[in-house]
Amino acid sequence: MIDSCLHVKDNSLNHLLLISKKIQSNNIDKALCMFDNEKNFNDRKIFLNNCQKTKNLIPVATIRKTKNLRNEIRNISELGFTFIKFHPRNLNINIGNNFYIKAFKMIRKTKLNVMWCTFDGWSTKKINEINQLDFLAKLINIISHNNILLMHGGGPNLLKYYEKFRFKENVYLDLSYTLIHYQKSSVETDMIFLMNKFDKRLIFGSDFPLFPINKYTKSLNKLITKSKINKLKIKNLKKDNFLRIINE
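What comes next concerns the included structure. These figures come from a predicted structure and were not determined experimentally. (Residues numbered from 1 in each chain as written. Predicted model: local features only at pLDDT ≥ 70, side-chain atom pairs only at ≥ 80, totals over all residues. Heavy atoms only, no water.)

Re helix H11 (residues 231–247)
Consideration 1: In the structure, H11 departs most strongly from a straight axis at Leu237, where the bend amounts to approximately 55°.
Consideration 2: Within H11 the residues assigned to the buried category are Lys233, Asn236, Leu237, Asp240, Asn241, Phe242 and Ile245. (Bend = angle between axes of the 7 residues up to and from the residue. Helix = DSSP H or I, 4+ residues; strand = E, 2+ residues; numbered from the N terminus. Buried < 20%, exposed > 50% of the residue type's maximum accessible area, 1.4 Å probe, protein only.)

Shown next as structure tokens:
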């Protein structure tokens, strides 16, 4: 099994080794790992090097708000990261801003896999006024060769995301957070539909520490049982889709 979304606030080797053992104890072979407290390039480099020593944590660079966007993306690529994440709410850069268009045009010249947080909920003072789904279509048309993971799959808009991007082979829907948060809702039925119809481009994760890793594994196994999918589809969802992304 894999975990597509795991956060840490400490980039020290000792802490990452503890996280590494935690996922192993929950039968998770590999996890995409994000460091939430990055302040500078050196923090990023330390995080990358320490993740590599764990063997099972794949480091994700989170793009920062910067005036020198080209240098930011070059640094991430040249250090050796294979994943870059955009979190519009944390960046506090509005959906639709030219910042994202410039970034995607630079990323298409790299081999970076892109992760994008799809949640529309921002602060109580500001509501996202742009249709994120349409804006993502514009961005995704820029990067036809880079894989893009739409984190949380749009949450309650899951089927809209599926319908919009189902023929775009480099787009994957990630269901971290959504898997647990929307249990016993209509979204659970949507997830089961996708597990049957979209099993080759669907991945799952915990969104740890928001949700415990053992709760993630139990929730996924429970949903798989409900879905009644065959062994090949289970293998795709639990491992093969993820491996396809990291090995391309």
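A short note on the state of the cysteines
Consideration 1: Taken as a whole, this structure holds 0 disulfides when the rule is applied.
Consideration 2: Here Cys33 stays free of any disulfide, with the sulfur of Cys51 as its closest cysteine sulfur at 4.5 Å.
Consideration 3: Exposure remark for Cys51: the relative accessible area of 0% places this residue in the buried category. (Disulfide = S-S within 2.5 Å.)

Remarks on the environment of Leu173
Consideration 1: Looking at where Leu173 falls in the secondary structure, it is placed in strand E7 (residues 171–174).
Consideration 2: In sequence terms Leu173 and Ile148 are 25 residues apart; their C-alpha atoms lie 8.6 Å from each other.
Consideration 3: If near-sequence neighbours (up to four positions away) are discounted, Leu173 is found in contact with Leu150, Gly153, Leu158, Tyr161, Tyr162, Leu194, Phe198, Arg201, Leu202 and Ile203. (Contact = heavy atoms within 4.5 Å.)

Thoughts on the pattern of salt bridges
Consideration 1: Inspection of the entire model under this criterion finds 12 salt bridges.
Consideration 2: For Arg44, the salt bridge goes to Glu38, with nearest N and O atoms at 2.9 Å.
Consideration 3: On the basis of relative accessible area, Arg44 is assigned to the buried category, the value being 0%.
Consideration 4: One salt bridge connects Asp240 with Lys235, and the closest N-O pair in it is separated by 2.8 Å.
Consideration 5: What you see here is one network of salt bridges that share partners, running through Glu38, Arg44, Arg64 and Glu72. (Salt bridge = Lys/Arg side-chain N within 4 Å of Asp/Glu carboxyl O.)

Describing the packing of aromatic side chains
Consideration 1: A full pass over the atoms with the stated rule returns 13 aromatic pairs.
Consideration 2: A network of ring pairs unites the aromatic residues Phe86, Phe99, Tyr100, Phe104, Trp116 and Phe135 as a single cluster. (Phe/Tyr/Trp six-rings, centres within 6.5 Å; stacked < 30°, edge-to-face > 60°.)

Some words on unusual backbone geometry
Consideration 1: Of the consecutive residues Phe208 and Pro209, the connecting peptide bond is found in the cis state with omega at 10°.
Consideration 2: Mapped onto the secondary structure, Pro209 falls in the loop between strand E8 (202–203) and helix H10 (213–227).
Consideration 3: Phi is positive for Tyr177, which is not a glycine, with a value near 70°.
Consideration 4: For Tyr177, the position within the fold is in the loop between E7 and helix H8 (178–181).

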